[in-house]
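# Report on the structure
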2 protein chains.
Amino acid sequence: MSDPRTDVSIAPLGQVLTLTSNGLNTRFHAIWLRDNAWDDETRAPGNGQRLVALRDIPADTTISAASVEGGRLSVTFTPENKTVEYDINWLIANAYDRPAPQGRGWLNSGVEAWRSDLMSAIPVGNFEELSKRGDALKDWLALVTKYGFGKFVNGPVENGALFKIVDLFGFVRDTNYGKLFDVRTEVNPTNLAFTGLGLQAHTDNPYRDPVPSVQVLYCLESSAAGGENMVVDGFAAAQRLRAESEEYFNVLADHCARFEYAGEDDVCLTSRRPMIDLAPDGELIGIRFNNRSLAAVTDVPFDKMDTYYAAYRRFGEIIDDEAMEVTFRLDPGEGFVVDNTRVLHARKGYSGEGTRWLQGCYSDKDGLRSTYDAIVRATRKEAAE
Amino acid sequence: MSDPRTDVSIAPLGQVLTLTSNGLNTRFHAIWLRDNAWDDETRAPGNGQRLVALRDIPADTTISAASVEGGRLSVTFTPENKTVEYDINWLIANAYDRPAPQGRGWLNSGVEAWRSDLMSAIPVGNFEELSKRGDALKDWLALVTKYGFGKFVNGPVENGALFKIVDLFGFVRDTNYGKLFDVRTEVNPTNLAFTGLGLQAHTDNPYRDPVPSVQVLYCLESSAAGGENMVVDGFAAAQRLRAESEEYFNVLADHCARFEYAGEDDVCLTSRRPMIDLAPDGELIGIRFNNRSLAAVTDVPFDKMDTYYAAYRRFGEIIDDEAMEVTFRLDPGEGFVVDNTRVLHARKGYSGEGTRWLQGCYSDKDGLRSTYDAIVRATRKEAAE
């Protein structure tokens, strides 16, 4: 509900409208209001798509009249002589007359950085419950969105079962590795090459552009000791790097690294993107970290390369710090999803004999977020009815 | 071949090595050289993946000796006491001791902006020739990479034939619209809703993140007059905007727009990304432009919103300028691919009676570039043998 005491005023030339509520002023430009009208001529009643382009709205649009009644704002635009009604709550929710975010490396609302203490509260979904696509799925997707990873348990132990997880929130991203890839390890102490060579935590496929933004790993066999999975929040690591040294954070954010995978005859994947990816206003939106596929970095000026390598080294040390990592074991029918633009993953070493068989696949997080937001919207509608 | 007169010197503390050839100096840091060694202990001989992380390389790495012989540079590192050989041509090709790019909105090498004069030289591939996966495919993919779009002709006229085009270079990106979507128009002059309502040129699905970076449109029926397809180079439009007004270019690059598609019960896709997307060093890497799915822009400070809307309007005017557009007609068995992060597309109006049936699907350009680069690499190997 909007405050019944909301007042409205128009600046002399009709270019700006001000809503006043509880002594707070919120300003809107005439052109922004007109472009964001929700009448049936501006927006398609069914799907909400805008029916007009900005070229259809006069450049000299101003406001000739405005009034407030019952939580709704009525605005008349000149020269169209068109009157449009707005929900004042929608306007306040979409107000832009507010301080801009300061500094770099801030996180969007709904995203929360974490360190090893998340180990006591790992997000876990039960496959049977998730499959009902109700509250359990909503709650689990909320945590996956917040933390960038989530474990699931109690899934079927069968080839390709990971696709049933992807079906819950999105679509498989097919690549040259196939729709799924097998991670099989035969643990045999006489062959050290297949034992615990600790893989440094990494994001997958940084040489791809766009990078697959979700990865699913699913356990089908696990009779070997060890081999725990480990995840690290790349956002938390980047924020810690910045707290230690803005210079280090900035040099990794301001210059592109290069990544490459050209290990098969018909594959030559390359990318040129920074290890720390920021939106233009400083939001932390992505991490790329993978020693195996980092190519020669050639986009850092000579006089900054020393700093770049020092920052890259320190970033790796932070990622390797046990205080940052969450570990968990996967048994058959269990697995996890990660936001591959944020959370790094690794496998701990094995010991003893046995086998381990995981299947992995990629997906994208726009689908995951859409599924979550659509469930939230449906829940709200039900509550309102 | 490297110049036989290449000399090498080491700075006193061993932290920098300088190659001198024809009076030109090119400097490399010890840590960069060590990290980019190609010996079998550093890089896997088979697939070229790096076997060590930076943590395995001492932070105080310096160079104790270096010599040049027969196009190869030999470097000994301390404290590892490890000697590595480099191909001097590889070093020169990956040198970073060069001026950094200046200004914003520059294009990567291999990418070329175009306007309507490309109409006389539209890249066209013949499906039968492309399917041989040889020079014809290489040449066509080179043009698609350069211009961000390419037409193809002589494909089979059958449901789903567009997948055969995607098979040439990559993988279908499945979405909530399905693996493919149908664009059917029944032209009937008594129903104006289905006639020539000019769609403004746009990029598809800017509300997705990551956005599908390749789109394929494939014609199966076309008995109606009109309905030409039109494409506009968003990079050329952005560069023209910058030439007219750096302020306009910057305001669209420095602030995130918001996009939304929430028109189905189980879909709620939203994104927060700029209309003009730049790499941290100013490379122009993406355009998002779609009046239908632009949501309320709320990440522009109040005192810049007027400029933002003026810039958005001018950007649209440039996109609408016929001097920017290339048009072509699609007959059954013909279609085109676009780089959906760069090239905008639209459909011209219809007239007369008849039907028009197109199928569309999405893919990603990392696969397309990988396929092209792999063919080029194979061609070079053949030439060298």
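An unreviewed UniProt entry lists chain A under the name TauD/TfdA family dioxygenase, from Aliiroseovarius salicola.

Helix and strand counts for chain A stand at nine helices and 21 strands. When the backbone C-alpha atoms are referred to their principal axes, chain A occupies close to 85 × 55 × 40 Å. Among the 385 residues that make up chain A, the fraction classed as buried is 55%. Across chain A, the fraction of contacts at a sequence separation of at least 24, relative to all contacts at a separation of at least 6, is 74%. Computing the positive centroid from 41 side-chain charges and the negative centroid from 57, chain A places the two 1 Å apart.

Turning our attention to the sheet that holds strand E2 (residues 16-21) of chain A. Here three strands make up an open sheet; going across it, the order is E1-E2-E3 (chain A) and the pairing antiparallel. Each end of this open sheet is capped by a strand with a single partner; those strands are strand E1 (7-10) and strand E3 (24-29) of chain A. Shown here is a sheet whose adjacent strand axes are inclined to one another by a mean of 25°, direction ignored. Note that E1 of chain A and E2 of chain A share four bridges and pair antiparallel. Looking at the pairing, Ser 9 of chain A lines up with Thr 18 of chain A of E2 of chain A. Together, E2 and E3 of chain A form the strand contacts of helix H8 (residues 302-320) of chain B, whose direction differs from that of E3 of chain A by roughly 10°.

In this section: the state of the cysteines. As enumerated under the stated definition, the model contains zero disulfides over all chains in all. With no disulfide partner, Cys 256 of chain A has as its closest neighbouring cysteine sulfur the one in Cys 256 of chain B, 17 Å distant. Judged by relative accessible area, Cys 256 of chain A falls into the buried class, the value being 0%. Unpaired in this structure, Cys 361 of chain A has its nearest cysteine sulfur neighbour in Cys 219 of chain A, at a distance of 15 Å.

Our focus in this paragraph is the pairing of E2 of chain A. All names here are of chain A. Taking the residues between adjacent antiparallel strands as the criterion, E1 and E2 are bridged by five residues, where Gly 14 takes a positive phi near 75°. Bridge analysis of E2 against E3 gives six bridges, and the strand direction is antiparallel. By the bridge assignment, Thr 20 is partnered in E3 with Asn 25. In sequence, E2 turns back onto E3 through a hairpin of two residues, with Asn 22 there showing a positive phi of about 55°.

It is worth spelling out the relation of the copies chain A and chain B at this point. The pair of chain copies shares a relation made of a rotation about an axis and a shift along it. Once chain A has been moved 0.0 Å along the axis and rotated by 180°, it coincides with chain B to within an RMSD of 0.0 Å. Classification of the inter-copy transformation places it as that of a two-fold axis. In this assembly the copies share their binding face: 100% of the residues contributing to the interface of chain A also contribute to that of chain B.

What follows is about the sheet that holds strand E4 (residues 62-69) of chain B. Residue and element names in this part refer to chain B. Read from one edge of the open sheet, three strands run E4-E5-E6, paired in antiparallel fashion. The two strands at the open ends of the sheet, each matched to only one other strand, are E4 and strand E6 (82-87). Averaged over all pairs of adjacent strands, the angle between their axes in this sheet comes to 20°, without regard to strand direction. Where E4 meets strand E5 (residues 72-78), seven bridges bridge the pair, whose relative direction is antiparallel. What sits directly across from Ile 63, in E5, is Phe 77.

So, on to the side chain of Arg 208 of chain B. When you line up the elements, Arg 208 of chain B lands in the loop between strand E9 (181-187) and strand E10 (214-222). Summary of buried charges: Arg 208 of chain B has no salt-bridge partner, and the nearest side chain of opposite charge, Asp 366 of chain A, is 4.1 Å away. Among the polar contacts made by the side chain of Arg 208 of chain B, one reaches the side chain of Asn 176 of chain B at a distance of 3.0 Å. Ignoring sequence-local partners within four residues, the contact set of Arg 208 of chain B consists of Asp 366 of chain A together with Arg 173, Thr 175, Asn 176, Tyr 177, Leu 269 and Ser 271 of chain B.

Here the focus is the domain arrangement of chain A. In terms of domains, chain A is made up of domain 1 (6-93) and domain 2 (116-374). A separation of 44 Å is found between the C-alpha centroids of domain 1 of chain A and domain 2 of chain A.

This part takes up the pattern of salt bridges. Tallied over the entire structure, the rule returns 60 salt bridges over all chains. Between Asp 321 of chain B and Arg 240 of chain B there is a salt bridge; the shortest N-O distance is 2.9 Å. In this pair, Asp 321 of chain B sits in the loop between H8 and strand E17 (325-328) while Arg 240 of chain B sits in helix H6 (residues 234-244), placing the two residues 81 residues apart along the sequence. One salt bridge connects Glu 244 of chain B with Arg 314 of chain B, and the closest N-O pair in it is separated by 2.7 Å. Of the two residues, Glu 244 of chain B is situated in helix H6 and Arg 314 of chain B in helix H8; the sequence distance between them amounts to 70 residues. Here the residues in one salt-bridge network are Arg 240, Glu 244, Arg 314, Glu 317 and Asp 321 of chain A, joined through shared partners.

Here we come to unusual backbone geometry. The omega torsion of the bond from Asp 209 of chain A to Pro 210 of chain A falls at 10°, within 30 degrees of zero and hence cis. Inspection of the secondary structure assignment puts Pro 210 of chain A in the loop between strand E9 (181-187) and strand E10 (214-222). Following Thr 78 of chain B, the chain continues into Pro 79 of chain B via a peptide bond in cis, with omega recorded as 5°. Assignment of secondary structure puts Pro 79 of chain B in the loop between E5 and E6. In this structure, Arg 133 of chain B takes a positive phi of about 55° despite not being glycine. Topologically, Arg 133 of chain B is positioned in the loop between helix H3 (127-130) and helix H4 (135-147).

Before going further, it helps to spend a moment on the packing of H4 of chain B against helix H9 (residues 365-384) of chain B. In helix packing, the relevant descriptors are the interaxial angle and the interaxial distance, both defined with respect to the helix axes. All names here are of chain B. In contact at an axis separation of 10 Å, H4 and H9 are set at 135° when each is read in the N-to-C sense. As far as their axial angle goes, H9 and H4 are oblique. As for the relative orientation of H4 and H9, their crossing is left-handed in sense. For the pair H4 and H9, the contacting residues are Leu 137, Lys 138, Leu 141, Ala 142, Val 144 and Thr 145 in the first and Leu 368, Thr 371, Tyr 372, Ile 375, Val 376 and Thr 379 in the second. Here the contact of H4 with H9 is built from residues that sort into eight nonpolar, three polar and one charged.

What follows covers the packing of H6 of chain B against H8 of chain B. All names here are of chain B. Two elements in contact, H6 and H8, have axes separated by 9 Å at closest approach and are oriented at 125°. In terms of their interaxial angle, H6 and H8 are classed as oblique. The handedness of the crossing between H6 and H8 comes out as right-handed. Facing H6, whose interface residues are Gly 234, Ala 237, Ala 238, Arg 240, Leu 241 and Glu 244, H8 presents Ala 311, Arg 314, Phe 315, Ile 318 and Ile 319. Along the lines of polarity and charge, the residues of the contact of H6 with H8 split into seven nonpolar, one polar and three charged.

According to the stated counting rule, one finds 36 aromatic pairs over all chains in the structure shown. Centre to centre, the rings of Phe 28 of chain B and Trp 32 of chain B are 5.4 Å apart; their planes meet at 35°, and the pair counts as tilted. Classification of Trp 32 of chain B by relative accessible area gives buried; the value is 0%. Every member of this aromatic cluster is reached through a ring pair, and the members are Phe 28, Trp 32, Trp 38, Trp 90 and Tyr 96 of chain A together with Phe 302 of chain B. The ring of Trp 357 of chain A carries Arg 184 of chain A above its face, with NZ or CZ at 4.0 Å from the centroid. Sitting over the ring of Trp 38 of chain B, Arg 43 of chain B keeps its end group 4.4 Å from the ring centre.

Here is what the cut-offs are and how they apply
- Residues numbered from 1 in each chain as written.
- Chains lettered and ligands numbered in written order.
- Predicted model: local features only at pLDDT ≥ 70, side-chain atom pairs only at ≥ 80, totals over all residues.
- Heavy atoms only, no water.
- Helix = DSSP H or I, 4+ residues; strand = E, 2+ residues; numbered from the N terminus.
- Buried < 20%, exposed > 50% of the residue type's maximum accessible area, 1.4 Å probe, protein only.
- Contact = heavy atoms within 4.5 Å.
- Lys, Arg positive; Asp, Glu negative; His and termini not counted.
- Charge placed at Lys NZ, Arg CZ, Asp CG, Glu CD.
- Pairing = 2+ DSSP bridges.
- Axes fitted to C-alpha atoms, helices over the stretch in contact; angles between N-to-C directions.
- Disulfide = S-S within 2.5 Å.
- Least-squares fit on C-alpha atoms with pLDDT ≥ 70 in both.
- Salt bridge = Lys/Arg side-chain N within 4 Å of Asp/Glu carboxyl O.
- Polar contact = N/O pair within 3.5 Å; in protein donor to acceptor, adjacent residues only side chain to side chain.
- Domains from an automatic or database assignment.
- Parallel < 35°, antiparallel > 145°, perpendicular 65-115°, else oblique.
- Left-handed = near helix turned anticlockwise from the far one by under 90°.
- Nonpolar A, V, L, I, M, F, W, Y, C, P; charged D, E, K, R; others polar.
- Phe/Tyr/Trp six-rings, centres within 6.5 Å; stacked < 30°, edge-to-face > 60°.
- Lys NZ or Arg CZ within 6 Å of the ring centre and 35° of its normal.

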